[in-house]
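# Report on the structure
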Amino acid sequence: MVAYYQIAGKQVGSHVLAMGVMGTLFGGIFLSTRGGGQKKQGTTPPIQASSSDEEKFIQDFLKQVNGEEKKADH
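Thresholds applied
- Residues numbered from 1 in each chain as written.
- Predicted model: local features only at pLDDT ≥ 70, side-chain atom pairs only at ≥ 80, totals over all residues.
- Heavy atoms only, no water.
- UniProt positions renumbered as here; feature names shortened; annotations may be inferred.
- Helix = DSSP H or I, 4+ residues; strand = E, 2+ residues; numbered from the N terminus.
- Buried < 20%, exposed > 50% of the residue type's maximum accessible area, 1.4 Å probe, protein only.
- Contact = heavy atoms within 4.5 Å.
- Expected span 1.5 Å × (residues − 1).
- Salt bridge = Lys/Arg side-chain N within 4 Å of Asp/Glu carboxyl O.
- Pairing = 2+ DSSP bridges.
- Patch = residues over 30% accessible without salt bridge, like charges linked within 9 Å, V, L, I, M, F, W, Y side chains within 5 Å.
- Areas by Shrake-Rupley, 256 points an atom, 1.4 Å probe, with all protein chains shown as cover.

What follows deals with the UniProt feature "transmembrane region" (unreviewed entry) in the protein. With numbering aligned to this structure, UniProt lists the feature "transmembrane region" (unreviewed entry) at residues 12-31. Its end C-alpha atoms 27 Å apart, residues 12-31 is made of 90% helix and 10% strand.

This brings us to unusual backbone geometry. Notably, A8 is not glycine yet its phi reads approximately 55 degrees, a positive angle. With respect to the element layout, A8 can be found in the loop between β1 (4-7) and β2 (10-13). Judged by its relative accessible area of 79%, A8 falls in the exposed class.

Turning our eyes to something else, we now look at the environment of I7. Looking at the secondary structure, you find I7 in strand β1. Not counting the four nearest positions on each side in its chain, I7 is found in contact with V12 and L17.

The next thing to look at is helix α1 (residues 14-33). Given 3.6 residues to a turn, an α-helix orients residues that are three or four positions apart in the same direction. Given a rise of 1.5 Å per residue, 20 residues ought to cover 28 Å, and the 29 Å separating the end C-alpha atoms of α1 matches this to within 8%. At the exit of α1 stands G35, carrying a positive phi of roughly 90 degrees.

The subject of this paragraph is the pattern of salt bridges. For side chains of opposite charge, pairing can occur when their charged atoms come near one another. Scanning the entire structure with this criterion turns up 1 salt bridge. Of the charged contacts, one joins D60 and K56 as a salt bridge, the two residues approaching to 3.1 Å between their closest N and O atoms. Residue D60 and its partner K56 are both found in helix α2 (residues 52-73); the two are separated by 4 residues, about one turn of the helix.

Moving on, we get to the pairing of β2. With 4 bridges joining them, β1 and β2 adopt antiparallel strand pairing. Across the sheet, residue Y5 finds its bridge partner in β2, namely V12. Taken together, β1 and the strand that follows it, β2, pair antiparallel across an intervening segment of 2 residues, in which A8 is found at a positive phi of about 55 degrees.

Glancing now at a nonpolar patch on the surface. A surface patch of nonpolar side chains, about 410 Å² in accessible area, is lined by M22, L25, F26 and I29. With respect to the secondary-structure elements, L25 resides in helix α1.

Here it is in structure tokens:
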């Protein structure tokens, strides 16, 4: 036997309410645990150098540091 409830002027069965609650619960859990998007790697802030030589030095230094970090990870 099903109990009926009056919601927004319509009769709704208890089994429908239970399915709605469970669907909302499982849907919320799924959405909150599915993880985020892929993080962007390799993005650096813009280099504000006063000359092209300074900019080249900074870029070479960053390449050298990043290369050492990759070797240390393996």
